[in-house]
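These are the residues of each chain, in order.
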Amino acid sequence: MGKYIAALFLICLPLNLIAAEWLTKYEASLKTEYDDNKRLTALPHDNTFGSILGVKGKLGIQTEKTVVDLTPRARFSKYSSEDTDEDKLDSNDYFLDLNSLWVTERFLWGLNGKYSRDTSLTSELEDTGLVQTSKKRKKVDFNPTLVYEFNEWTNLQFAIDFTRVEYKDAALVRLIDYDFKDRKSTRLNSSHTDISRMPSSA
């Protein structure tokens, strides 16, 4: 799914990039951690010592009417434990974030997207603190938005959220692939200033 977000990034590029402002940024981090109960379990368990390497890049393009940011990230985790392959906390996780905006005279188009490929241990540990068998997980989030400006004071906004989660061999464990769609908002906004109620300058 990550290739689809990358394709959307290319689609969002303006045809004329001569006057575009380009931004590239890279960073890396390395940390170690020690935890005597990483899984928050009441069952017998071992202490864990881990090393986590994180790398992150950012590619941004900005013109008078277009802003596009693409942020790839990767996280490599290695823990010292005697767990089986199905329960190991070791993981290689990959992420890709897209943020884009295109403005015309009347319309404002936005498209944000996120892609992640990690393990169920990683995702569930971060979300709930409870973990199950380690299975590969892919998650895709899309959030397109549209704003139409009627005039200086009135606009119509429309947005949709879409999420897809897939697990490898989900049928073998208590995990379920799912899609989630939500029409986040459709609303008409209007604002007006009553000049007669404005304070006098006298």
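**Details of the confidence of the model for the chain**
Okay, step 1: Overall, the predicted model of the chain reaches an average pLDDT of 76, with 63% of residues at or above 70.
Okay, step 2: Looking across the chain, the model is least confident in helix α1 (residues 2-12), with a mean pLDDT of 54, and most confident in strand β4 (residues 91-103), with 93.
Okay, step 3: The model gives residues 192-202 a pLDDT under 50, and that stretch makes two contacts with residues more than four places away or in other chains.

**Thoughts on the packing of aromatic side chains**
Okay, step 1: Counted under the stated rule, the structure contains five aromatic pairs.
Okay, step 2: Relative to Y94, the ring of F76 lies with its centre 5.8 Å away and its plane at 80 degrees, an arrangement referred to as edge-to-face. Highlighted residues: F76 in strand β3 (residues 66-80) and Y94 in strand β4, separated in sequence by 18 residues.
Okay, step 3: Relative to W109, the ring of F107 has its centre 5.5 Å away and its plane inclined at 25 degrees; by these criteria the two rings are stacked.
Okay, step 4: One aromatic cluster is present, formed by W102, F107, W109, Y148 and F150 through successive ring pairs.

**Section: the nonpolar core**
Across soluble globular proteins, you tend to see nonpolar side chains buried next to one another.
Okay, step 1: Membership of the largest hydrophobic core is limited to nine residues, which are V68, L70, L96, L98, L111, Y115, V140, F142 and F162.
Okay, step 2: Sorting the residues of this core by element identifies β3, β4, β5 (107-119) and β6 (136-149) as the ones contributing at least two each.

**A closer look at a positive patch on the surface**
Okay, step 1: Together, R117, K136, K138 and K168 make up a region of like positive charge exposed at the surface.
Okay, step 2: Structurally, the position occupied by R117 is in strand β5.

**A closer look at the environment of E21**
Okay, step 1: Here E21 is to be found in strand β1 (residues 21-35).
Okay, step 2: The spatial distance from the C-alpha of E21 to the C-alpha of T63 is 6.3 Å, given a sequence separation of 42 residues.
Okay, step 3: The residues touching E21, leaving out its near neighbours within four places in the chain, are G60, I61 and Q62.

**What about the side chain of S91?**
Okay, step 1: With respect to the helices and strands, S91 occurs in strand β4.
Okay, step 2: With relative accessibility at 6%, the residue S91 sits in the buried group.
Okay, step 3: A polar contact of 3.2 Å, which involves the side chain of S91, links it to the side chain of D93.

**Looking at the pairing of β3**
Okay, step 1: Of the strand pairs in this sheet, strand β2 (residues 48-62) and β3 are connected by 12 bridges, and their pairing is antiparallel. When the bridges of β3 are listed, K56 appears paired with R73.
Okay, step 2: Remark: three residues form the turn of the hairpin made by β2 and β3, two consecutive strands paired antiparallel.

**What about a nonpolar patch on the surface?**
Okay, step 1: A cluster of nonpolar side chains, L30, L53 and V55, forms an exposed patch at the surface whose accessible area comes to about 260 Å².
Okay, step 2: When you line up the elements, L53 lands in strand β2.

**Some words on the side chain of T163**
Okay, step 1: Note that T163 resides in strand β7 (residues 154-167).
Okay, step 2: Of the residues examined, T163 reaches a relative accessible area of 13% and is grouped as buried.

**A few points about the pattern of salt bridges**
Okay, step 1: According to the stated counting rule, one finds four salt bridges in the structure shown.
Okay, step 2: For the salt bridge of D93 with R75, the shortest nitrogen-to-oxygen distance reads 3.2 Å. Of the two residues, D93 is situated in strand β4 and R75 in strand β3; the sequence distance between them amounts to 18 residues.
Okay, step 3: Taking the relative accessible area as the measure of exposure, D93 reaches 0% and is therefore buried.

How each quantity is defined
Residues numbered from 1 in each chain as written. Predicted model: local features only at pLDDT ≥ 70, side-chain atom pairs only at ≥ 80, totals over all residues. Heavy atoms only, no water. pLDDT = per-residue confidence, 0-100. Helix = DSSP H or I, 4+ residues; strand = E, 2+ residues; numbered from the N terminus. Contact = heavy atoms within 4.5 Å. Phe/Tyr/Trp six-rings, centres within 6.5 Å; stacked < 30°, edge-to-face > 60°. Core = buried A, V, L, I, M, F, W, Y, C linked by side-chain atoms within 4.5 Å. Buried < 20%, exposed > 50% of the residue type's maximum accessible area, 1.4 Å probe, protein only. Patch = residues over 30% accessible without salt bridge, like charges linked within 9 Å, V, L, I, M, F, W, Y side chains within 5 Å. Areas by Shrake-Rupley, 256 points an atom, 1.4 Å probe, with all protein chains shown as cover. Salt bridge = Lys/Arg side-chain N within 4 Å of Asp/Glu carboxyl O. Lys, Arg positive; Asp, Glu negative; His and termini not counted. Charge placed at Lys NZ, Arg CZ, Asp CG, Glu CD. Polar contact = N/O pair within 3.5 Å; in protein donor to acceptor, adjacent residues only side chain to side chain. Pairing = 2+ DSSP bridges.

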